[in-house]
Amino acid sequence: MMSQSAPGPSGSSAGPGSSAGTSTTDTAPVRMSDTVALHFDGTTAVITLDNPPVNGLGDTIRQGLSAALDAIVDRPETTAVVLTGAGRAFSGGADVRQLGTPAFTAGPPMSELLARMLELKIPVIAAIHGFALGGGLELSMGCHYRIAERTAKLGLPEVNLGLIPGGGGTQRLPRLIGAGPALDLIISAEHIDAERALELGIVDALFEGDPVQAAIHFVDGCADDGTAHRVIDGIERAEPAGADFDAARAAARRNRRNSRAQLAAITAVEASVTSDISTGLGVERAEFEQLVGSPEATALSYLFFAERTAARIDSIPKDTPLRDIRSAAVIGSGTMGVGIAMSFADAGIPVGLVDRSQEALERARSTVARTYERSVVKGRITAAEADQRRGLITPATSYDAAAQVDIIVEAVFEDLEVKKEVFAELDRIRRPGSILATNTSRLDVNEIAAATSAPADVIGLHFFSPAHVMRLLEVVQGAQTADDVLATSMALAQRIGKLPVLAQVCDGFIGNRMLSPYRREAEQLLEQGASPRQVDAALQDFGMAMGPFAMSDLAGIDVGEAGRRRFRETADPVLLASQSDISTRLFEAGRYGQKTGAGFYRYEDGDRTPHEDPVVEEIIAACAAERGVTRREVADEEIVERCMLALVNEGATLLDEGIAQRASDIDVVWANGYGFPAYRGGPMHYATTLGLATVVERMRELQQTVGEYWKPAELLERLVAAGRTDFSEVGGR
């Protein structure tokens, strides 16, 4: 079944079956390389990419395509060429596993192959199913026509890897659909559906069913009598309408993830409207080569794989059966509870929102309505979708509303005794087999589970605020959490659009446990002479999304006070000596941050701009005097070094303890939940760029000059002693 935006070129003499010919001319597939096959369906040549899992365009694909084109040229009776992919997709683009290896640059170059396809006098049709992303979409633009399965996804996501399209995408896509829409797709790295691709003009028709047969049917509308087919490279320049390159550059410079790649992409796309195709491709190639192998691209590529690895659980069988999750309930209708409920609703899962206070539920209902209304105004969802999602959230004042659901997520006040009381009540009313999850950010999941009769059904699901926006989800495995509960929770996280990372039980899990020494160093630096503004600015210049003190004011200084008091009651004396009282003094003064108009900074009514406050400086000076600290001038470099190395040392310790499965999981947590600059790859990857031996040496110096608590983590010392340079293949004990 085929739908086209327009019929094929006029003058076609190809009637039904003329392109396919008769079965007597069909041939069996012949391998052109390990990953490319060629066969003839009548007079139509069919080239199949076969490089599992996503038909990555590696060296053997390029070699096979070259051989296939040679074979087609040697067969003059061929009337059309169909290019398709085996398995679940057309192509996911370049084989990123080959980045940095000789195979990545091995000949023949893709540019040569695209030129050869475009020069063929017979129509070449890309039959896209599954997805055509990155180099896969670029390969399809080396064909005369593109048809796409209705459910297919298309896009150029290279900027997410710190790169730009390097196979002609910055030149051919603008010539195909105009520079404005092309620039938007390239800069956003958006995956669009086939319907949208048809509207834009990226594809010529949609199909359902077999890609090859759909392409052969499409050929019937194309001329086979020598009439020239559309060649993108023949378009002199791209249409500039809709492209504001100056505005795009200004926006890209504010981007903290991949601004360098976005700026390079803008330069390349701009060349498509000012230069011929040959010059434009040269600009693209020059920009691409500057990015390949850069620290930013290396880090972003590392995170790309790390995020895809994070959901894999090494400790349980891959075929562990999952529990069926068709309904949910959230206990607590505060900011976090509302966000969690919306996460379920956004995924189409009915969810009860339970709170004993009717007034709180009314506020929650208003919050949900406003949030979805804003999404409609911004064009993210339709009004009908907003209504449908609102309808999936059912407020209730009784726990009985959660009695029959498949998973219950507790999101009440961060107090262990309160949470244990809630879980005891939930255990009483829930149906057997339902999962009980706590949204605690640092409390003992095992103690919470002990309040129930079935600790195997209890797990931690630490959402990050705002929960309906933030992708990260720490999945915390209790000592008795059942394998199927863990596997189900990881799968559910992905289903509701989250990026799950497994953590074991400890105070703060992965992210907040590492946040404590990071904050420790920041506050010590205040006592030693830095100001809150200097610390925040230095760390923002390093790439952090926010400085620790601006973030503390945003989250609320009161939120962390219980944890600080618990630390003082239980900490090792060496660590206790490193603890500053600045945050507690601010708390005691009623300075909770933005919510009270004063915290580490002062705020004007209705304005979140932080202003330095002499009162804070007095509190800092008093704390320093009480601890006998002589204040001095602190360099920005010291601020960055101590805060970053504190993260690395704690990360190595918790990795060694088995709290995290792998070092890359730690980086995923910090890049997605705590504003660590993605272009630096996360704290553990950053340590490898510094050199682990250098890291350990500097920590030993800090141990001598700052305090004994700076002793390097045992894992770091073992790795350096063994001559290791990274954390690869290092897992918890």
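A quick note: this is a predicted structure, and the numbers were derived from the prediction, not measured.

Let us look at the sheet that holds strand 7 (residues 131-133). Taken together, three strands build an open sheet; the order of strands is 7-9-10 and the sheet is mixed. In the strand order of this sheet, the two ends are held by strand 7 and strand 10 (192-193), each with one partner.

Our focus in this paragraph is the packing of helix 26 (residues 636-656) against helix 28 (residues 683-690). Interhelical geometry of helix 26 versus helix 28 gives an angle of 110° and a closest axis separation of 9 Å. Regarding the angle of helix 26 to helix 28, the classification is roughly perpendicular. Within the contact between the two elements, helix 26 uses M644, L645, L647, V648, G651 and A652 and helix 28 uses P683, M684, Y686, A687 and L690. Among the residues forming the contact of helix 26 with helix 28, the class breakdown is ten nonpolar, one polar and no charged.

Let's shift gears to the pattern of salt bridges. Across all of its chains, the model carries 50 salt bridges by this definition. Across the pair D507 and R442 runs a salt bridge, and its minimum N-O distance is 3.4 Å. Taken together, the residues D507 in the loop between strand 19 (499-504) and helix 19 (511-528) and R442 in the loop between strand 16 (435-438) and helix 17 (445-449) connect sequence positions 65 residues apart. For R513, the salt bridge identified is with E657, shortest N-O distance 2.7 Å. Of this pair, R513 sits in helix 19 while E657 sits in the loop between helix 26 and helix 27 (663-673), and the two are 144 residues apart along the sequence. In this structure, a network of salt bridges that share partners links the residues R323, D427, R430, D457 and D484.

Here we come to the packing of aromatic side chains. For any pair of aromatic rings, the description rests on two quantities: the centre-to-centre distance and the angle between the ring planes. What the rule picks out here adds up to ten aromatic pairs. Between W670 and Y674, the ring centres sit 4.5 Å apart and the planes meet at 20°, which makes this aromatic pair stacked. Exposure remark for W670: the relative accessible area of 0% places this residue in the buried category. What links up through ring pairs into an aromatic cluster is the set F464, Y518, W670 and Y674. Above the plane of the ring of F542 lies R680, whose end atom (NZ or CZ) is 4.1 Å from the centre.

Read from one edge to the other, the open sheet built from eight strands follows the order 14-13-12-15-16-17-18-19, with strand pairing classed as mixed. Here the strands that pair on one side only, and so sit at the sheet edges, are strand 14 (393-396) and strand 19. Strand-to-strand twist in this sheet, taken as the mean axis angle between neighbours without regard to direction, amounts to 25°. Across four bridges, strand 12 (residues 328-331) lies against strand 13 (residues 351-354) in parallel orientation. Each residue of the ladder has a partner; that of A328, found in strand 13, is V351.

A separate point is the confidence of the model for the chain. For the chain, per-residue confidence averages 91 on the pLDDT scale, and residues scoring 70 or more make up 95% of the total. Long-range and interchain partners of residues 5-24, a stretch whose pLDDT sits below 50, account for 39 contacts in this model, where long-range means more than four residues apart.

This next bit is on the pairing of strand 3 (residues 36-41). By the criterion of burial, strand 3 is predominantly enclosed, with six of the six residues buried. Neither face of strand 3 is open: one carries V36, L38 and F40, the other A37, H39 and D41, and all of them are buried. The pairing of strand 2 (residues 30-33) with strand 3 spans three bridges and is antiparallel. Paired with V30 across the two strands is L38, which belongs to strand 3. Remark: two residues form the turn of the hairpin made by strand 2 and strand 3, two consecutive strands paired antiparallel. Pairing analysis gives six bridges linking strand 3 to strand 4 (residues 44-49), with the strands arranged antiparallel. Bridging from a neighbouring strand, H39 pairs with V46 of strand 4.

Mapped onto the elements of the fold, T481 is located in the loop between strand 18 (472-477) and helix 18 (483-495). At 2.7 Å, the side chain of T481 forms a polar contact with the backbone oxygen of V458. With residues near it in sequence (within four places) discarded, T481 still touches P455, A456, V458, I459 and L486.

Ranked by size, the top nonpolar core spans 95 residues in total, and within it I510, L539, M644, W670, L716 and F727 carry the most contacts. A per-element tally of this core places helix 26 first, with eleven residues. Residues in contact with F727, not counting those within four places in the same chain, are L655, A663, M684, A687, T688, L692, L715, L716 and L719.

Spanning 13 residues, helix 25 (residues 614-626) covers 19 Å between terminal C-alpha atoms, matching the ideal 18 Å at 1.5 Å per step. All buried positions along helix 25 are accounted for by V616, I619, I620, C623 and A624. Projected onto a plane normal to the axis of helix 25, the buried residues spread over an arc of 135° and lie on a single side. For helix 25, the exposed residues set more than 90 degrees away from the buried face come down to P614, E618, A625 and E626. Where the residues of helix 25 are buried, they touch helix 19, helix 20 (532-542) and helix 24 (582-588). Measuring from the side-chain oxygen of the N-cap residue of helix 25 to the backbone nitrogen of V615 gives 3.0 Å; that N-cap residue is D613. Phi for G628, located one or two positions after helix 25, is positive at around 70°.

Reading the values: the criteria
Residues numbered from 1 in each chain as written. Predicted model: local features only at pLDDT ≥ 70, side-chain atom pairs only at ≥ 80, totals over all residues. Heavy atoms only, no water. Pairing = 2+ DSSP bridges. Helix = DSSP H or I, 4+ residues; strand = E, 2+ residues; numbered from the N terminus. Axes fitted to C-alpha atoms, helices over the stretch in contact; angles between N-to-C directions. Parallel < 35°, antiparallel > 145°, perpendicular 65-115°, else oblique. Contact = heavy atoms within 4.5 Å. Nonpolar A, V, L, I, M, F, W, Y, C, P; charged D, E, K, R; others polar. Salt bridge = Lys/Arg side-chain N within 4 Å of Asp/Glu carboxyl O. Phe/Tyr/Trp six-rings, centres within 6.5 Å; stacked < 30°, edge-to-face > 60°. Buried < 20%, exposed > 50% of the residue type's maximum accessible area, 1.4 Å probe, protein only. Lys NZ or Arg CZ within 6 Å of the ring centre and 35° of its normal. pLDDT = per-residue confidence, 0-100. Polar contact = N/O pair within 3.5 Å; in protein donor to acceptor, adjacent residues only side chain to side chain. Core = buried A, V, L, I, M, F, W, Y, C linked by side-chain atoms within 4.5 Å. Expected span 1.5 Å × (residues − 1). Arc of directions from axis to C-beta.

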